[in-house]
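Structural characterization, general
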Amino acid sequence: MNKVLAAIFSLNTLSAAIRMATPIALAAMGGTFSERSGVINIGLEGMILTGAFAGVAGSFYTGSPWVGLLLALFAGGLLAAIFAIFTVKFKANHVVAGVGLNIFALGLTTWLMQVLWGTRGTSPNVNGLPRVTIPVLNRIPVIDKLFANQSPIVYMMFLLIIVGWIFLFKTPYGLRIRMTGERPEAADTLGINVRRIKYFSVILSGVLSGLGGAYLSLGHLNWFSMNMSAGRGYMALAANIFGQWNPLGGLGASFLFSFSEAVQIRLQSINLGVGNELIQMIPYVITIAVLAGAVIKSRPPEALGEHYGNEK
Amino acid sequence: MTENAVDMANITKKFGETVANDSVNLGVKQGEIHCILGENGAGKTTLMNVLFGLYGHDQGSISIKGRKVDIGEPSEAIDLGIGMIHQNFMLVDRLTVTENIMAGAEPSKRGLLDEKKARKEVEEISARYGLHVDPGAKVESISVGDQQRVEILKALYREAEILILDEPTAVLTPQEVEELFEIMRELRDDGKTLVFITHKLKETMAISDRITILRDGKNVGTVSTEETSPEELAQMMVGRDVVLRVEKNEKETGNSVLEVEDMNLHNPENNLTLKDLSFEIEAGEILGVAGVEGNGQLELEEGIMGLRDLTGGTIRLNERDISNFSTRERRGAGIAHIPSDRLRRGLVTEFGLDWNMILGSEWSEKFSRKGFLKQGEINTYTRDVVEQFDIRGTKGEVTAGSLSGGNQQKLILGRELTRDPDLILAAQPTRGVDVGAIEYIHKKLLSMRDEGRAILLISAELEELKTLSDRMIVIYEGEIVARDKTGEFSEEELGLLMAGKRGDNEL
Amino acid sequence: MNPKSIWQRLKNLSGLSELLYSLLAIVFALLIGAILIYLSGHDALGAYYHLFVGAFGSTYNIAQTLLKSIPLIFTGLAVAIGFQSGLFNIGAEGQLYWGALITAIIAISLPNLSGFVLVPLALMGGSLAGAIWAAIPGYLKSRTGAHEVITTIMLNYIATLGTTFLVKNFFKTQGPVDQTKTIPTQARLPKLIPNTRLTWALILGIAVVLATKFLLSSTSLGFDLKAVGKNLSAAQYGGIPARNVMVLTMAISGAVAGLAGSTIVMGVLGRFITNFSPGYGFTGIAVAVLGRNRPIGVLGAALLFGALEAGKVSMQLFTEIPGDLLTVVQGLVILFVAAPSFIRLFSTLLGRGKGLFANE
């Protein structure tokens, strides 16, 4: 039992949890922007996956993980653009289209990996992103582990969350996004281009999710495996809801999920002898518990999921 | 001779097969208050939406101050100095007054919102025209009258010279209407041009300089206000002589049908609480509930129907305590319900007429056997009701969504009133319905009353309440502030009571 | 009777424009699939030829097509039933896993019962298991508003992990594979066409399709279900206990999904094998959407996807094109069918007349 507690509360687990929160928090903020503009984004899972794949593909063909990173951002954005066209222009039901997008992305990445590398399990190893250590901060005891030897995307994530928060709540464009998600008619009558805002927000969510995916395949590991996202996109959705459509809240919520994931991995390595499967369930059970508990008080954007069909 | 502020020439706008505006000509002089008068569905809002760039138009042209323009979207209208105050406010509840006003035209400093500057400008305009609001308040927490001021401020903030107001008085007490008219006169005297859309004759006569009447999408004439009369206007609006009031018989006393005692209810969504409501309705009586919308009418409606839980008090129907009954049980016990929002709460627009006709009765013995629907019975019943209630537009396989507003309302009436109810809860029964159907519905409600049924009538139209109700109660912020026989209330008193200022009537 | 008015009459048959609609979506999706095949250096026409032959080229192949479509009939129906009531049941996958496991356990535990009793018992058990697993998110949604998309997806993961755990630790048979013992012979479903693997599960599937159709069009419960789906407020105002209906709908949906698992165990596998499903629950979503949430439509869509599955084997064999390409097609089908304006745009472009889809 002591071993279990030690595993849960060790600094290593904590540091791992912060790292693993990265893809979820990035995708969650993506979800925040998308939903704040009124578009439900179930497709985060597919966007993470596509980003992960594109990252490895880019690194594979150019040898540079940074090119891979850029490709991941581009791929995530592109997939999101497709999603935006279907939901905004063609007025597809957001949830159905999101599910379709995920199936599409899963099929696409799995097919492509066979076309490119002839394998359906794991891609060949590629050059991953180098680990970075931040000087000064890595000498402070206790939090030193957080700033030593981390993937750069982790640092990017923290920065982006703060920038994202400022952007959403303190800039003119952020105000317009929020108005669009609450009452598109109101935004329209003020001369705000509702369509453009939705496109922007959705594509942004794809870029952010793509970055999260790149973390998985280039930052954390250095290969791509089939269906690598493993449900993180859905956790990101739940994190966004739990975080009340706020980038900072989303980060906190993501941490909750990643912490349970980190604990689960540590417990498995201890080899308790009892079903690993039960331990693996923990993050998913927590997601449900969070949703069931949090949603009672939650307040999504008023016009979430609606189509603003302008009669012209 | 100065050009008109607005000239709309031969404007035609179609939605599929329906012609909403048919070669409409409109000329609005600069610095006047011009009223566009017409029944529901006459095409007034459509015409103004065309002017504001929310709709395109199929034919015709628009000129502003003599110059021909092409208004493709609201931002272009705004650039031309046109501002629109919509019937349903275009406001975001969760944002502050200032945020609502500045969105789209935000002052910014180094990329960040400069709220202080915006707030200052808002306060300046407020002071100039007497439009007082708290710039930092969230829209959801201010009164409806104040919300309307925010709408006006939005237009003025963008330096609008031409202001379009779409049915602005629907949500105001008589006093607030007067205040609005004062502001409108101020704006006009300051050189602004105002276009005022309404279906209310009295208001038109009170505020406008000239009036254009629309009927069935066509312009049937433009008159100068001082040269016309309500009767003439009504005649032009409807195309025939209109009976402005329905005759009512004397009321016979009867047993108590509905008894509400110390009803308490809390709605967390808008933080409104009904406090200790108590009243009674006898058989053969219509009790009217007067009040500005949003003062607890919906909560009262839903509380009686069992759609919301009471936090205290009892409800008795025919002496039976139904406080713990489910909605289905209450309806079964003899309550008919005509909901305030027929599209959102009264009908399933995708269902056909037959299924809408049995909504609520799909498990009853009349229409089902052990859970299996008796389609034959359902069809017969539907046919009968359609005939009895004169529901039009029912040829072929139609869905309820394709009927006109008046016919939809008649469908609901037909469904509810043929269930032989003891109590009828009618909320906004003639909203958005053309004059012919209004007459029908009023006559029907009165005949139900004469048959000995009890009716709880909730309405925002004072005329309707005064015509139909035997007694009235006034509701304000969740409490009953006055009750009396209808005849004892003067319009002035009602207005004061609806605005929360106590009167002399007994409680 | 001139052709125009016949066309008009046909068009008004509510099924027809929907059918054309779905067909267009499939055509588009396959078109893009073909482009992808071409881009990856293969012969698209050849690939689709093998796909077609693999699905319909012989009695055995047709039987395979029918066989592969059976689980999709069930999962497609399950999702469609949910949709009709406004609920997104993405959890068919988890529900079918429990259905399969419980069916296997019942059959294995009662080897001495006659087939007449054991078969229905095992089916009912599997169905009930699925119903319960689906009722959970239904209850959570009705009580707390927890969005069922996420909860059902989470429960899918929990179901696959849970069934694996139970089999590994309590029901495992000897050998390296994580699977249960075989079920007794009398619990296996009889074959429909000799020398194929097609069983009476197909008949069961069609029966459930018809039962669902009847439920939705002619029963009071079906009325409540649809009313809640189309207009929740109006349904509540009419006295329909919406919360109860939601949970009941999910339970019915789960019951049907559970049968998907049961029929696989009793018809094809003869036992429960961990992680046996190649995503029937998710394909079921495509089937439901393509079938426009109508029972007969779902049947047709399931057959189509069954054909794709059967043909996929042949295509992979002869052309080395990875079968996952068809997953891409599936995703595209969902996207296209879900986008009404897209189809309408296309039909206007082709000048087929705005009237064709005017009723959409």
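Residues numbered from 1 in each chain as written. Chains lettered and ligands numbered in written order. Predicted model: local features only at pLDDT ≥ 70, side-chain atom pairs only at ≥ 80, totals over all residues.

1. So, the overall build of chain A
A count of helices and strands for chain A gives 13 helices and zero strands. N-terminal to C-terminal, the α/β element order of chain A is α-α-α-α-α-α-α-α-α-α-α-α-α. Counting the 312 residues in chain A, one finds 58% classified as buried. (Helix = DSSP H or I, 4+ residues; strand = E, 2+ residues; numbered from the N terminus. Buried ≥ 20, exposed ≤ 12 C-beta atoms within 10 Å, placed from the backbone.)

2. Observations regarding the overall build of chain B
A tally of helices and strands in chain B yields 17 helices and 24 strands. Taken over C-alpha atoms, the radius of gyration comes to 24 Å for chain B, in line with the 23 Å a tight globule of 507 residues would show. Projected onto its principal axes, the C-alpha positions of chain B cover 70 × 50 × 50 Å. Looking at chain B residue by residue over its 507 residues, the buried ones come to 48%. Summarising the internal contacts of chain B: among those between residues at least 6 apart in sequence, 67% fall at separations of at least 24. (Rg over C-alpha atoms; globule rule 2.2 N^0.38 Å. Contact = placed C-beta atoms within 7 Å.)

3. Describing helix α8 (residues 201-218) of chain C
The first and last C-alpha atoms of α8(C) sit 25 Å apart over 18 residues, in line with the 26 Å expected at 1.5 Å per residue. Of the surrounding elements, those touching the buried residues of α8(C) are α4 (59-84), α9 (220-230), α11 (242-269) and α13 (295-319) of chain C. (Expected span 1.5 Å × (residues − 1).)

4. Things to note about the sheet that holds strand β5 (residues 67-69) of chain B
All names here are of chain B. Across the sheet, four strands lie side by side as β2-β1-β4-β5; this open sheet has antiparallel pairing. Two strands lie at the open edges of the sheet, namely β2 (18-28) and β5, each paired on one side alone. For this sheet the average axis-to-axis angle between neighbouring strands, irrespective of direction, equals 30°. Across seven bridges, the pairing between strand β1 (residues 6-15) and β2 is antiparallel. In the strand pairing of β2, K13 is matched with N21. Packed onto the sheet, helix α1 (residues 44-51) meets β1, β2 and β4 (59-64) and runs at close to 115° relative to β1. (Pairing = 2+ DSSP bridges. Axes fitted to C-alpha atoms, helices over the stretch in contact; angles between N-to-C directions.)

5. Focus: the packing of helix α11 (residues 232-242) of chain A against helix α7 (residues 148-171) of chain C
Closest axis-to-axis distance for the α11(A)/α7(C) pair is 10 Å, and the angle between their directions is 140°. The angle between α11(A) and α7(C) falls in the class oblique. Along this stretch, α11(A) crosses α7(C), giving a crossing that reads as left-handed. Where α11(A) approaches α7(C), its residues Y234(A), L237(A) and A238(A) are matched on the opposing element by I150(C), I153(C) and M154(C). (Parallel < 35°, antiparallel > 145°, perpendicular 65-115°, else oblique. Left-handed = near helix turned anticlockwise from the far one by under 90°.)

6. Describing the pairing of strand β21 (residues 423-427) of chain B
Residues and elements named next belong to chain B. Burial within β21 is extensive, with five of its five residues counted as buried. By the bridge criterion, four bridges tie strand β18 (residues 335-338) to β21 in an arrangement that is parallel. Within the sheet, the bridge partner assigned to A336 lies in β21 and is I424. Relative to strand β22 (residues 454-458), β21 runs parallel, the two being bridged by five bridges. Bridge pairing in β22 places L425 opposite L456. Considered for its hand, the β-α-β crossover made up of β21, helix α15 (residues 435-450) and β22 is right-handed. (Right-handed = clockwise from strand over helix to strand, strands pointing away.)

7. Brief notes about the interface of chain C and chain B
The interface of chain C with chain B comprises 16 residues on the first partner and 24 residues on the second. Taken together, the elements giving at least two residues each to the side of chain C that touches chain B come down to α9 and α10 (232-237) of chain C. Among the residues forming the side of chain C that touches chain B, the class breakdown is six nonpolar, eight polar and two charged. (Nonpolar A, V, L, I, M, F, W, Y, C, P; charged D, E, K, R; others polar.)

8. Digging into the environment of D390(B)
All names here are of chain B. Structurally, the position occupied by D390 is in the loop between α13 (375-388) and α14 (405-417). Overall, D390 belongs to the exposed group, with 12 C-beta atoms counted inside 10 Å. Put simply, D390 and A437 are 47 residues apart on the chain and 9.8 Å apart in space, counted from C-alpha to C-alpha.

9. Some remarks on the interface of chain A and chain C
Think of interface size as the accessible area that goes away when the parts come together; that is how it is often given. Taken residue by residue, the interface counts 39 residues in chain A and 39 residues in chain C. Taken together, the elements giving at least two residues each to the side of chain A that touches chain C come down to α4 (65-89), α5 (94-117), α11 and α13 (276-294) of chain A.

10. As for the pairing of strand β3 (residues 33-37) of chain B
All names here are of chain B. Of all five residues making up β3, five are buried, and the element is well covered by its neighbours. Sheet topology places β3 next to strand β10 (residues 193-198); five bridges connect them, and they run parallel. Note that in β10 the partner of C35 across the bridge is F196. Relative to strand β11 (residues 210-215), β3 runs parallel, the two being bridged by four bridges. Among the inter-strand pairings, C35 is bridged to a residue of β11, identified as I211.

11. Looking at the environment of F279(B)
All names here are of chain B. Position of F279 among the secondary structure elements: in strand β14 (residues 272-282). Along the chain, F279 and T314 lie 35 residues apart, while their C-alpha atoms are 11 Å from each other. Setting aside residues no more than four positions away along its own chain, F279 makes contact with V260, L287, I473, I480 and R483.

12. Concerning unusual backbone geometry
Unusually for a residue other than glycine, E167(B) sits at a positive phi of about 45°. With 19 C-beta atoms packed within 10 Å, E167(B) lands in the partly exposed category.

13. Here we look at the domain arrangement of chain B
Residue and element names in this part refer to chain B. Domains assigned within chain B are domain 1 (6-238) and domain 2 (256-339 + 417-498). Each of domain 1 and domain 2 has a C-alpha centre, and these two points are 33 Å apart. Each side of the interface is counted separately: domain 1 has 11 residues, and domain 2 has 12 residues. The class makeup of the residues in the side of domain 1 that touches domain 2 is six nonpolar, four polar and one charged. (Domains from an automatic or database assignment.)

14. Some remarks on helix α14 (residues 324-337) of chain C
With 14 residues, α14(C) should reach 20 Å at 1.5 Å per residue; the first-to-last C-alpha distance of 20 Å fits that figure. For α14(C), the buried fraction is high: 14 of the 14 residues fall into the buried class.

15. Quick look at the sheet that holds β18(B)
All names here are of chain B. One open sheet accounts for six strands, arranged β18-β21-β22-β15-β23-β24; its pairing is mixed. In the strand order of this sheet, the two ends are held by β18 and β24 (479-485), each with one partner. The average angle at which neighbouring strand axes cross in this sheet is 15°, direction not considered. In this structure, strand β15 (residues 286-290) lies alongside strand β23 (residues 471-476), joined through four bridges in parallel fashion. Paired with A290 across the bridge in β23 is V474. Against the sheet, α15 contacts β15, β21 and β22, and its axis sits at roughly 145° relative to β22. The strands touched by helix α17 (residues 491-498) within the sheet are β15, β23 and β24, with β23 carrying the most contacts at an inclination of about 35°.

16. Quick look at the nonpolar core
Counting 368 residues, the largest nonpolar core has L51(B), V474(B), I334(C) and L335(C) as its most contacted members. Ranked by residues supplied to this core, first place goes to α11(C) with 15 residues. Both domain 1 (6-238) and domain 2 (256-339 + 417-498) of chain B contribute no fewer than three residues apiece to this core. (Core = buried A, V, L, I, M, F, W, Y, C linked by C-beta atoms within 7 Å.)

17. What to know about the environment of S277(C)
Residue and element names in this part refer to chain C. Checked against the element boundaries, S277 lands in the loop between α11 and α12 (280-290). The sequence separation of S277 and I264 amounts to 13 residues, and the corresponding C-alpha distance is 9.4 Å. In this structure S277 touches E93, L96 and Y97, once residues within four positions along its chain are discounted.

18. Observations regarding the packing of helix α3 (residues 44-62) of chain A against α5(A)
Residue and element names in this part refer to chain A. Relative to each other, α3 and α5 sit at 20°, their axes nearing to 8 Å. Taken together, the axes of α3 and α5 are roughly parallel relative to one another. Once α3 is placed against α5, the crossing between them reads as left-handed. Contact with α3, carried on its side by E45, G46, L49, T50, F53 and A57, involves L101, N102, F104, A105, L106, T109, L112 and L116 of α5 and no other residues of that element. In the contact of α3 with α5, the residues fall into nine nonpolar, four polar and one charged.

19. Here we look at the confidence of the model for chain B
Per-residue pLDDT for chain B averages 88, and the proportion of residues at 70 or more is 97%. Scored as a whole, the predicted complex attains pTM 0.84, and scored at its interfaces, ipTM 0.86. (pLDDT = per-residue confidence, 0-100.)

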